[in-house]
There are 2 protein chains.
Amino acid sequence: MDFIIGKSSRQIVLGNDEWSGVKKIAAKVAGDIKLVTAGDYAVTETGTVSELAANIYAATLGKSSIADTLLSKAEISASDLAGKRECYAFKVVKADNGESALVIVGSDKRGTIYGLFHVSELLGVSPWVYFADVLPQEKDSVVITEADNLVSKEPSVKYRGFFINDEWPSFGNWTFKHFGGFTASMYEHVFELILRMKGNYLWPAMWTSNFSLDGPGLANAELADELGIVMSNSHHEPCLRHSEEWDLIKGDDTEYGSAWNFSKNREGLINYWRGGLKRNGKFENVVTMGMRGERDSEVLGREATLQDNIDYLKDVITVQNNLIKETISEDLTSVPRMLAIYKEVEQYFYGDETAEGLRYWSELDGITCMLCDDNFGNMRKLPEEFEKNRKGGWGMYYHFDYHGDPISYEWVNSTHLSKVWEQMGQAYESGVRDIWIVNVGDLKPQELPLSFFMDLAYDFDKWGTSNTEAAAEYLTAWVKRQFAGQEDSFADIEALLDNYTYVNSVRRPEALNDRIYHPVNYGEADYMLQIADASVDKAKELWETFKETPLKDAFYQLVYFPVCASMNLLQMQIYTGMNHYLAAQGRPSANVYGTMINECMDRDLELQKGYYECADGKWDGIMGSEHMGFVHWNDEEARYPVVHTVIPSRRPRVVVACANNEGYTMGGDWTRRPVVLTGLCSPNSLFEKIELENAGTGEINWKVIQCDEWLELSSTEGTIAEGYTDFVVVTTNDKLPEGSVIGKFVIQAAMYKAEVYVCARNFTDEEMAIDHFVPVLPENLMPFVKDSDLELSIDAREFEVDDDPSEPGYRILDNYGKYGSAVKAFPVTCEFGKEDTEELPCITTSFYVPRDGKYEIILVTAPCNALSTDSLLRVKVAMDPEDTGDAGFETLQTVQDDYQGGERSCPEWARGVLDNQHETAFARELKEGWHDLAVLPVDPGVVIERIVIRDAAYDRRPGYLHNSPVRGL
Amino acid sequence: MDFIIGKSSRQIVLGNDEWSGVKKIAAKVAGDIKLVTAGDYAVTETGTVSELAANIYAATLGKSSIADTLLSKAEISASDLAGKRECYAFKVVKADNGESALVIVGSDKRGTIYGLFHVSELLGVSPWVYFADVLPQEKDSVVITEADNLVSKEPSVKYRGFFINDEWPSFGNWTFKHFGGFTASMYEHVFELILRMKGNYLWPAMWTSNFSLDGPGLANAELADELGIVMSNSHHEPCLRHSEEWDLIKGDDTEYGSAWNFSKNREGLINYWRGGLKRNGKFENVVTMGMRGERDSEVLGREATLQDNIDYLKDVITVQNNLIKETISEDLTSVPRMLAIYKEVEQYFYGDETAEGLRYWSELDGITCMLCDDNFGNMRKLPEEFEKNRKGGWGMYYHFDYHGDPISYEWVNSTHLSKVWEQMGQAYESGVRDIWIVNVGDLKPQELPLSFFMDLAYDFDKWGTSNTEAAAEYLTAWVKRQFAGQEDSFADIEALLDNYTYVNSVRRPEALNDRIYHPVNYGEADYMLQIADASVDKAKELWETFKETPLKDAFYQLVYFPVCASMNLLQMQIYTGMNHYLAAQGRPSANVYGTMINECMDRDLELQKGYYECADGKWDGIMGSEHMGFVHWNDEEARYPVVHTVIPSRRPRVVVACANNEGYTMGGDWTRRPVVLTGLCSPNSLFEKIELENAGTGEINWKVIQCDEWLELSSTEGTIAEGYTDFVVVTTNDKLPEGSVIGKFVIQAAMYKAEVYVCARNFTDEEMAIDHFVPVLPENLMPFVKDSDLELSIDAREFEVDDDPSEPGYRILDNYGKYGSAVKAFPVTCEFGKEDTEELPCITTSFYVPRDGKYEIILVTAPCNALSTDSLLRVKVAMDPEDTGDAGFETLQTVQDDYQGGERSCPEWARGVLDNQHETAFARELKEGWHDLAVLPVDPGVVIERIVIRDAAYDRRPGYLHNSPVRGL
């Protein structure tokens, strides 16, 4: 029995006493049907249903007069729905005329709405049909079968939504241009988006706008309530009034007074709050409680004690609770309320030895405690076991966009799904299940992570902790949903989205500058450019297909723009680094990069213009955030690249430079510096490279005039024209002596001589077979050589762990973090290391050290925060634990004692979120041979990404990635 | 009775047994006569003179058979000449036919030659007739009168000459191009130049050339001897052989062996030296004695003790003396010899407590000890009183050009005459009177200082210590001599030469870079640009005159090129500093400077090309030394400017910047930095200035929205077009409160606000009348303001000294040093401060301090060196000595204990010669009111240029000149 939606005219039948919001949604679903199939589905209302015709019937239990009839005709058990949150039954049934009908019954208003939008989903209509022009495939008909029948589960998280924030200049300009402001005509699209994503919750825009005044009037709030959107004001705007609103109506000659201070202006503030509760209390809200200072600042002065602040806040909340009783309901438990544990409020919540925190205060029962990440996607404190199930529960305010220290990120999406999965999973498992809200900035660039966030909150069982592949699977599914009909491109699009979000999360676009990726060290600039070039090429290739299809605009917004704009920015910053690096060596090749920088600047404008022209100008005004070279937390004084132009020497001049380190020489008699190549000491490196650049006037002949017999050079003489560069690739031949050696060749170019030293190791077959060989320089190179880029990196994917999913233990997370993999203890709230070490599974890895010496071991961990007041994200480490036993374990903290996740005053935190990692180093004297390193997280939330082992005698060379490429396109 | 040289044909009559060199010079004088008057003067020889005709007669006493006749006919007393060095009698006498004759009798060969060239001098022929194309004025006749009669004095210094050195690429290329190498045909011009300047001595070029082999063969040495030029080899080439020569003939299978080591190859070196002495001993030489390592290095290894080295050198010198006895003369005292006390030889000369130095060794008697400056024009050690008159005397090896640490100077002249006067005067007064030799590099750019050096050596009585105005007077005379006929331009040329040599000596061209003159602090970049612009304008204006005259080429070489090329380089480096400074602030005006940098680069080439084209290509190849941005001691890796290009912001952006300090703001809400103007706290500063640069897109309106009533702004609103800058001049009006105050105005530009704080002082009439007022900031500005450019500089010209020239005391030297004046104790060898202070005259200055506090006093002294082993260039200072008496004097050393003048290993010395000053700071707590500072040099050679007094509470702002303009064009 199939229900076929096609060109034939049918109806969507509702009870005439149905929620008006459901009626409006039914009309939108009818529109979706028309869009896909050209079928004309009128929405009709009725008092009763006597016979089921070949229509769609929808009703809300306990509201619609036809609900019971439908339940009975469709043979749906009322008990599947009654008393449940946001559930719906969806069933294809035989109509009385023998045809088939589709019956949807919701447990409540949003249940029915989700059920109706489930039709759209089956039609292939994306939630992003309006907000990203994802036009569905047109079809003659869509068949809904009995296999589609379902009774939905209650959503995993109670309130699920987002916060439009930092909306200037992008979202603000756009809505003023197209909707005359933050009006209901614009918000209707936002509400629809939320509902299509099965969300229910919104914090509206709040900078220079008032949700409850701008509709015009109350129209925004009324429409939200009608459509079933639960509203809150943001964390520092209590009692349903906006911070902007205060500025509008406060005044010495008003009933509100002027001071935003409950000690000095108690009555005025009570009047103000009462007004808000009276006005908006009739709608569905989560009421923001408490009080912070004006515009996100602390409310009491510096001289106030912790106890003063706690008492003040208790007073405020008690008064607010009473006001709610007075204006909304005597039954406080029926009024959803929340208190944001944000910034300084955190200490009032936790208290200290001098003052008991709010956390133990019974008046807070029933109020959802809203926690917050560190604004960069990492949890701060999470509920401890004893408070996990507190009355009122927990909320989380998460960020995909942030306007603040250390550096804002507000342009294109820079969040990788794996991070959301890992961190929101940590929150959920810790009991944060009442509110999930995410700051999406201007909304537009966050289509992908917002979709995931909403689906994760709606169905945590499916996408959450239990499935370590969830992020990848979600991406696959999401691409399929947005780009239906373009199956040939799915894999490429998926890779493009994964890559650009990886690149942007390794270093957020705004925080990029010319000094991030080292121009030569570790080859990391080259490596990142390869990713960028390949991504842009692929995006352009796909564009050739998409530009001829109805998905042209969706592809531009969801793929082409974010990929190309992100990669173009990356290229520009790396080119600038190269330009400055080469210019500092007086090399005219700097000027080639100068030209490329300018091309990138033009391309950046061109891409933005393309966005404005999308969908016939529908997006004009959006995506206008500054995104280059932030030097402060915000875009003030942001620096575009400064192009350095080199004037070549008027004399013959050659620059002989290492391709992979900073060594260079111009080979003059007195300033000759030996240039040292070290790559051939690593078993992974097959060759080294030297550049010879003509940096002067006239062509230059060069010739190798001396060379050790075990060295092979790709060429030994040549002529370099003005402005050109020759390359010499250096390898070894079978005359290479045993062990580690230093060799040399000498290049004569014009009247200059350059000495190039080559360090190499003749790896035996046994050594070559060693997987984890720590590369070292030949001995006695110091002080001739002071730093080294030789090191062994062992990424988490190579760790040995016992990952039986049925047991507590470690899971390797693929495609996570800066280096593409990580390992984490599961269940995520466990505290393995606090028990006896010998009992516990360890993360282990083995490596081989080719000679005795002191080695530095660096643990690279994700930039997470301590999740409880006594955590320092500790780990236990042991070298060769089989020899040393339990006593060999040493406890290290991966953050310092004074570490304060999310606090702008903590440089360690700030560096961590910018660099997207923490590093913890320790040293060990090691004998030649194999060693086992065991690592064991102690505190919950430690995520280990990489272990680096290197000769401690040499400084580490500067770099951002520091080692071999970790991913490719 | 006049002798008229004109068109009529006359003769220059010589004895037929006259020195052949005199005959050759006579022919050159005849050529000069022809050049000036077109008169045809044949050189004729005769055995006797029976009658004096209307001719020029010349003879050398004791050589020419006609000398006695001439003495008697001209009534010249033989005793005026007999036994004297290089003297001549010059007399217009009545000829036997009633006309007049000119009689010249020399006491020796060079005496006669100088006498003959004295004719040329009177004709107006410059010594630079060949080497700078200084063509004499053509005249119908030149009248020599009895007033010209003279008997010349013996020259002040015995051997006076120069060293052609560091001759590649410039001089070397030129002579190969035009003379096929370092041949006699070229050297003849050099010898002639020396003789015309009344010099007698030469160290020939020595890098890849051999004076005694290149003539070809001995031709150079033979010609030198014939013309009366005394030759030496340079300081490290003993026994008349060149260092290059050793490389040519050494060898294991030769009689010379291969080792340049007297311990290992005694016989070989003896053979080598004997060969040189035999070959060249017949000519007039000063034989270089001793031995250094090959190519200017130390001869013994590191393990050798001081005594080892002294013994080694004694052995070498003893052997060399014996070889001279064997090959040249048993009477060693008749053979001029010299030992260079250069670099490491200095310690062998002075010895220490473990080893007696050579200075006390009798075998050295009769050998001239050749001292050396620090290669940067400052004396190192000078003879002490007890050794002033040692047998053999003293020589000085001075530098106008240097190829070595810390940074070479080899391009245009960078020596100011006042320095030569002061330092060579110090040497002469200390007894250095036997040899003066100066390194002139490529010779060509050193026409002016070389002329002065030679004349100073020839007639110290006239130009030396007794005349503090000598340098200025010399410049006047020199300009007059080179540019005769262009009287209207004399003053301008003099100013141009004085200015460019001042600018080049304040910082030598090669040592200039974009970080020397601070782009804004102290207004010093602007100030230097004003000098440069005015100089270039004036030079161009004069060129319009000279280009139509025969002096065109001389003007180009002596004035136009060095002025314009120096100033162009200065402009280029300052523009680069501005370009980088503005670019770092994101200001598009940087790009204007970028264009100007490129124009300067082009101009540099154009000026060099002009030089090559001078005199029909005669100078092609010369003046080719690298001269930009040295980063090492030599030109390797020298950096041309790197042009920074700013891309304007795509948003509205305004940069509000102080014109005279580094403060700037873009006025964003969060990054707003107050900008602080401090100039109005100084009684000398009448206004301050703010720049408002449009650094973004679209025009920007600005307006002053708040301003203290006592501030006057030149404008209070405006509109700045893209890429333009507005200026606001800030002054005070009569509402300015009393005392020191801080005011403020606020500029609103687009959405930005800039707060500008203005510190000012309302100077009372009494305060305005105070000459030396120490400007201070209002109190309580810290930490808001951390550094200050406010300071009082009192230049030496303002010091109070007792300068009665008849008494020991202080002389103010005008137009000396970095700030244009200095004070020095005279006689220059006196040691005032070693006696009781109360007895002695002091240098004093008074200043006024407006409030109690700690003040820093900085003594700025010339970058001189300690002149004896126990000197630390000490001074005594006393604050308010009338109150404190003798006890108030404190002794300060102006150089550190480990200071080593001229040693590359001494950074204090290196910084001093680059920065052209030493600074010595001390602090005093001072009460409000007047204070007297007394300063008293203790060690000889201290030259005080400036005293700076400043509030010690603030750091000093970086700068190179640090304070108000000291000179103008």
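Here's a quick rundown of the structure. (Residues numbered from 1 in each chain as written. Chains lettered and ligands numbered in written order. Predicted model: local features only at pLDDT ≥ 70, side-chain atom pairs only at ≥ 80, totals over all residues. Heavy atoms only, no water.)

1. Let's talk about the relation of the copies chain A and chain B
Right, so step 1: Mapping chain A onto chain B is achieved by rotating through 180 degrees and translating by 0.0 Å along the same axis, at an RMSD of 0.1 Å. Viewed as a symmetry operation, the transformation between the two copies matches a two-fold axis. Within chain A, A:H644 has its C-alpha nearest the rotation axis, a separation of 2.3 Å.
Right, so step 2: Both copies contact each other with a shared surface, as 100% of the interface residues of chain A are interface residues in chain B too. (Least-squares fit on C-alpha atoms with pLDDT ≥ 70 in both. Contact = heavy atoms within 4.5 Å.)

2. Here we look at the pairing of strand β6 (residues 100-106) of chain A
Across a regular strand the side chains alternate sides, sitting on one face of the sheet and then on the other.
Residues and elements named next belong to chain A.
Right, so step 1: In terms of residue burial, β6 counts as a mostly covered element, since seven of its seven residues are buried.
Right, so step 2: Burial along β6 is two-sided: the face carrying S100, L102, I104 and G106 and the face carrying A101, V103 and V105 are both buried.
Right, so step 3: With five bridges connecting them, strand β4 (residues 56-60) and β6 associate as parallel partners. Residue T60 lies in a different strand from β6, and its bridge partner there is G106.
Right, so step 4: The pairing of strand β5 (residues 88-94) with β6 spans seven bridges and is classified as antiparallel. Among the inter-strand pairings, Y88 is bridged to a residue of β6, identified as G106. (Buried < 20%, exposed > 50% of the residue type's maximum accessible area, 1.4 Å probe, protein only. Helix = DSSP H or I, 4+ residues; strand = E, 2+ residues; numbered from the N terminus. Pairing = 2+ DSSP bridges.)

3. Here we look at the nonpolar core
All names here are of chain B.
Right, so step 1: Grouped together as the largest cluster of nonpolar side chains are 213 residues, with contacts concentrated most on F162 and F483.
Right, so step 2: Considering every element that reaches this core, the biggest residue donor is helix α17 (residues 552-584), with 20 residues.
Right, so step 3: Discounting residues that sit within four places of it in the chain, F162 has contacts with V190, L193, I194, M197, Y201, L202, W203, I437, V438, V440, L443 and L450. (Core = buried A, V, L, I, M, F, W, Y, C linked by side-chain atoms within 4.5 Å.)

4. Quick word on the side chain of B:H242
Right, so step 1: Positionally, B:H242 belongs in the loop between β11 (230-231) and α7 (243-249).
Right, so step 2: Contact partners of B:H242, with chain neighbours within four places excluded, come to B:P204, B:S209, B:N210, B:F211, B:S212, B:N233, B:E237 and B:Y272.

5. Structural notes on the packing of helix α5 (residues 184-196) of chain A against helix α6 (residues 219-227) of chain A
Residue and element names in this part refer to chain A.
Right, so step 1: Following both chains from N to C, one finds α5 and α6 inclined at 25 degrees, their axes separated by 10 Å at the closest point. When the axis of α5 is compared with that of α6, the two are roughly parallel. α5 and α6 meet at a crossing whose hand is right-handed. Seen from α5, the contacting residues are A184, Y187, E188, F191 and L195; seen from α6, they are A219, N220, L223, A224 and L227.
Right, so step 2: Here the residues of the contact of α5 with α6 sort into eight nonpolar, one polar and one charged. (Axes fitted to C-alpha atoms, helices over the stretch in contact; angles between N-to-C directions. Parallel < 35°, antiparallel > 145°, perpendicular 65-115°, else oblique. Left-handed = near helix turned anticlockwise from the far one by under 90°. Nonpolar A, V, L, I, M, F, W, Y, C, P; charged D, E, K, R; others polar.)

6. Looking at the environment of B:H236
All names here are of chain B.
Right, so step 1: In this fold, H236 is placed in the loop between β11 and α7.
Right, so step 2: Residue classification places H236 among the buried residues on the basis of a relative accessible area of 6%.
Right, so step 3: Between the C-alpha atoms of H236 and G290, which are 54 residues apart in sequence, the distance is 7.8 Å.

7. Details of the sheet that holds strand β24 (residues 717-720) of chain A
Residue and element names in this part refer to chain A.
Right, so step 1: Overall, mixed pairing links the five strands, which are arranged β20-β27-β26-β22-β24 in an open sheet. Only two strands of the sheet have a single neighbouring strand rather than two, namely β20 (675-677) and β24. The average undirected angle you get between the axes of adjacent strands in this sheet is 25 degrees.
Right, so step 2: In this structure, strand β22 (residues 700-707) lies alongside strand β26 (residues 739-749), joined through five bridges in antiparallel fashion. Within β26, the position partnered with V704 by the bridge is I747.

8. With respect to the interface of chain A and chain B
Right, so step 1: Across the boundary between the two partners, chain A contributes 41 residues, which contact 41 residues of chain B.
Right, so step 2: Together, the buried faces of chain A and chain B total about 3,200 Å²; carbon and sulfur atoms form 46% of this surface.
Right, so step 3: Counting the contacts that link chain A with chain B gives six salt bridges.
Right, so step 4: In this structure, the salt-bridge partner of A:E626 is B:R651, at a minimum N-O distance of 2.9 Å. (Buried area = accessible area lost by both parts, 1.4 Å probe. Salt bridge = Lys/Arg side-chain N within 4 Å of Asp/Glu carboxyl O.)

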